[in-house]
Amino acid sequence: NACTNFASLCKEMASPERALEYNYRAIECCAYMEDGLQKSSVMAGNYACIFNIYCEMGKQANAEDAYKELGKVMAECPACEKYFDIILAKYHYYRMIGDEKKAEETLNDTLAAFFCCDDYYTYFDEIKDLLQILLEEKQYETLEKMFIRIAETSIRGDVSNLNLFVCNCKIQMYEELGDEQKKLQCAYDYFKYSQQQSIDNKRAFLD
């Protein structure tokens, strides 16, 4: 868990090489896990992260190797195929190889998994990736629905970083749509979340 968390932090800080290093370390640590289902679940998540990072880096050969390893884990644990991060990895894969039909089908599966998900804290990186893709593709109606879902679920846990990212996406979206009023409201929300996050960080440090 520590290695996986460090990997996520490195990815967020734009250090993909270190993120890869910690993801591979997490997979090595899985050798000490006795629960087979839990082991497969953790390994699948890490291989999905590795695959996504290689895709972002434009290293297709490495990405394909990681996807093959992910496939081996899924073969041993079919239940992993229903996880949000695994479905998203499939979507990235079909986009990477240029299979538009499969990509569209998998995007629908990804969105269905997103709206069924109640743990956006765990899937922070994956949700950011999905929001960014939809923003680039100008799928604003879908984004609006996702924003509402995230806002509803945020009550159940600390997703302050995700809220900040959502505000940033909204600002970009409303700027594209020319809605100045909503853009200004989102800018104010971004300020409020930033202030609250700063207070929470100081409190956590002092505690």
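Residues numbered from 1 in each chain as written. Predicted model: local features only at pLDDT ≥ 70, side-chain atom pairs only at ≥ 80, totals over all residues. Heavy atoms only, no water.

Chemist: It is not clear to me how the nonpolar core should be interpreted in this structure. Could you clarify?
Modeler: It is characteristic of soluble globular proteins that their nonpolar side chains tend to be buried jointly. The biggest cluster of nonpolar side chains holds 32 residues, and the ones touching the most others in it are Ile 127, Leu 130, Leu 131, Leu 143, Ile 150 and Leu 162. When residues in this core are grouped by element, the largest group, seven residues, is from helix α7 (residues 124-136). Once residues lying within four places of it in the same chain are set aside, the contact partners of Leu 143 are Leu 131, Leu 134, Leu 135 and Met 173. (Core = buried A, V, L, I, M, F, W, Y, C linked by side-chain atoms within 4.5 Å. Buried < 20%, exposed > 50% of the residue type's maximum accessible area, 1.4 Å probe, protein only. Helix = DSSP H or I, 4+ residues; strand = E, 2+ residues; numbered from the N terminus. Contact = heavy atoms within 4.5 Å.)

Chemist: Looking at this model, I keep getting lost on the packing of aromatic side chains. Mind explaining?
Modeler: The way to describe two aromatic rings as a pair is by their centre distance and the angle between their planes. Evaluated as defined, the whole model comprises 10 aromatic pairs. With 5.2 Å between their ring centres and 55° between their planes, Phe 51 and Tyr 67 make a pair best called tilted. Of the two residues, Phe 51 sits in helix α3 (residues 36-57) while Tyr 67 sits in helix α4 (residues 60-76), which places them 16 residues apart along the sequence. An identical accessibility class is assigned to Phe 51 and Tyr 67; each is buried. Geometrically, the ring pair formed by Phe 84 and Phe 114 is tilted, given 6.3 Å between the ring centres and 55° between the ring planes. Of this pair, Phe 84 sits in helix α5 (residues 84-97) while Phe 114 sits in helix α6 (residues 100-116), placing them 30 residues apart in sequence. Pair check on accessibility: Phe 84 and Phe 114 agree, each one buried. Each member of the aromatic cluster is reached from another via a ring pair, and the members are Phe 84, Phe 114, Phe 115, Tyr 120 and Tyr 123. (Phe/Tyr/Trp six-rings, centres within 6.5 Å; stacked < 30°, edge-to-face > 60°.)

Chemist: Help me out: how do you make sense of α4 in this one?
Modeler: Think of an α-helix as turning once every 3.6 residues; residues three or four places apart then point the same way. End to end, α4 covers 25 Å across 17 residues, agreeing with the expected 24 Å (1.5 Å per residue, within 8%). By the burial criterion, the buried members of α4 are Ala 63, Ala 66, Tyr 67, Leu 70, Val 73 and Met 74. One face of α4 carries all of its buried residues, which in axial projection span an arc of 115°. Facing away from the buried side of α4 by over 90 degrees, the exposed positions are Ala 61, Lys 68, Ala 75 and Glu 76. Contacts from the buried residues of α4 go to α3 and α5. (Expected span 1.5 Å × (residues − 1). Arc of directions from axis to C-beta.)

Chemist: When you look at the layout of surface pockets in this model, what are you seeing that I'm missing?
Modeler: Over the atoms a probe the size of a water molecule is rolled, and this reveals where empty space is left. In this structure, the second largest pocket spans a volume of roughly 190 Å³. Considering the residues around the second largest pocket, the lining is formed by Asn 52, Cys 55, Glu 56, His 92, Arg 95, Met 96, Asp 129, Gln 132, Ile 133 and Glu 136. For the lining of the second largest pocket, the secondary structure elements donating two or more residues are α3, α5 and α7. In terms of residue count, α7 provides more of the lining of the second largest pocket than any other element does, four residues in total. Grouping the amino acids of the lining of the second largest pocket by side-chain chemistry returns three nonpolar, three polar and four charged. (1 Å grid on protein atoms, 1.4 Å probe; cavity = no way out; pocket = protein on both sides within 12 Å on 5 of 7 lines; lining within 4 Å. Points joined across faces, edges and corners; volume = space filled by probe spheres on them. Nonpolar A, V, L, I, M, F, W, Y, C, P; charged D, E, K, R; others polar.)

Chemist: Can you help me understand empty space enclosed by the protein in this one?
Modeler: In the structure shown here, the tally under the stated rule is one cavity of 30 Å³ or more. Roughly 30 Å³ of volume is contained in the largest cavity. Surrounding the largest cavity, Lys 11, Cys 49, Asn 52, Asp 125, Glu 126 and Asp 129 form its lining. Elements with a contribution of two residues or more to the lining of the largest cavity: α3 and α7. The biggest single contributor to the lining of the largest cavity is α7, with three residues. Taken together, the residues that form the lining of the largest cavity break down as one nonpolar, one polar and four charged.

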